[in-house]
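Descriptive analysis of the structure
Spelled out, the chains give:
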Amino acid sequence: MKYNLIIADDHKMFLDGLLCIFNSEGAYHILLTAKNGAQVAKYIDINSDQQIDLVITDITMPEMDGIALTKILKKKDSNLKILAVSMHTNPDMIDTLIESDVDGYVPKNAEKEELLKAIETIIKGDKYFSREITEIYMENKFSKKKKENIKLTQREIDVITLIAKEFTTLEIADRLFLSKHTIESYRKNLIAKLGVRNLAGLTKYAIKMKYLDLMDS
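Residues numbered from 1 in each chain as written. Predicted model: local features only at pLDDT ≥ 70, side-chain atom pairs only at ≥ 80, totals over all residues. Heavy atoms only, no water.

The number of helices and strands found in the chain is 11 helices and 6 strands. For 217 residues, the compact-globule estimate of 2.2 N^0.38 gives 17 Å, and the C-alpha radius of gyration of the chain, at 23 Å, exceeds that figure by more than 25%. The 217 residues of the chain split such that 42% are buried. In the chain, of all internal contacts separated by at least 6 residues, the share reaching a separation of at least 24 is 65%. When the accessible surface of the chain is summed, it comes to about 12,600 Å², and 52% of that surface belongs to carbon and sulfur atoms. (Helix = DSSP H or I, 4+ residues; strand = E, 2+ residues; numbered from the N terminus. Rg over C-alpha atoms; globule rule 2.2 N^0.38 Å. Buried < 20%, exposed > 50% of the residue type's maximum accessible area, 1.4 Å probe, protein only. Contact = heavy atoms within 4.5 Å. Areas by Shrake-Rupley, 256 points an atom, 1.4 Å probe, with all protein chains shown as cover.)

Relative to the helices and strands, Lys-74 is located in helix 3 (residues 66-76). Within the local environment of Lys-74, its side chain forms a polar contact with the backbone oxygen of Leu-80, the two atoms lying 2.7 Å apart. Ignoring sequence-local partners within four residues, the contact set of Lys-74 consists of Leu-80, Ile-82, Ser-100, Asp-101 and Asp-103. (Polar contact = N/O pair within 3.5 Å; in protein donor to acceptor, adjacent residues only side chain to side chain.)

Moving on to unusual backbone geometry. Although it is not a glycine, Asp-101 sits at a positive phi angle of roughly 75 degrees. Examined against the element boundaries, Asp-101 turns out to sit in the loop between helix 4 (91-99) and strand 5 (104-107). At Glu-166, a position not held by glycine, the phi torsion is positive, near 70 degrees. As for its position among the elements, Glu-166 is in the loop between helix 7 (154-164) and helix 8 (169-176).

What the 6 strands build is an open sheet, ordered 2-1-3-4-5-6; its pairing is parallel. Here the strands that pair on one side only, and so sit at the sheet edges, are strand 2 (28-34) and strand 6 (128-129). Bridge analysis of strand 5 against strand 6 gives 2 bridges, and the strand direction is parallel. Directly across from Tyr-105, in strand 6, lies its bridge partner Phe-129. Sheet strands touched by helix 1 (residues 12-25): strand 1 (3-8), strand 2, strand 3 (54-57) and strand 4 (82-86). Its angle to strand 2, the strand with the most contacts, is close to 165 degrees. (Pairing = 2+ DSSP bridges. Axes fitted to C-alpha atoms, helices over the stretch in contact; angles between N-to-C directions.)

Taken as a whole and judged by the stated rule, the model has 3 aromatic pairs. Members of the aromatic cluster, each reached through a chain of ring pairs, are Tyr-3, Phe-22 and Tyr-28. The side chain of Lys-108 reaches across the aromatic face of Phe-14, ending 4.4 Å from its centre. (Phe/Tyr/Trp six-rings, centres within 6.5 Å; stacked < 30°, edge-to-face > 60°. Lys NZ or Arg CZ within 6 Å of the ring centre and 35° of its normal.)

See below:
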């Protein structure tokens, strides 16, 4: 018995590598190789009665990326199995992909044995995420939960909100009747307390916590 696969990846060298692996194994039949998610979605629409055991997709592709493709295919058929294979290890991207109900995720630098193990596991009905991806995902979840539990003082909220509203350090100092040095200290302490890298991170946190809405109300 051969399993029917669809592969979507816009990097020909990697795509050719996958084809070599599957051709050498003899247990797989490639229904389609596509350069983007749109081609896959169209093919499945036209061949809706065809047995598809697994869709293997990259994340970043032109026209339609792997995340959009996953959402579309899962909406049409929640039982359709999808494996993401990508170089991306961005925590938010991994989080979004998992929330889209992808069945597995392995990095492109994974060994052939792990790729085949992932495929076999998913086709049997289980999920498969590589150790690297699982660790990044869990660390991101822990970090988000930790940030949500952090309590800021009212003055810290005032400072981070004004930072998010693009006030300069001097403008924030004047508005809150504090010294410029004090505001700089608040900024540095907030970055350390929230575990972000820069002002952009503070801004994202303020928006997420809806501090801007509170100040505007």
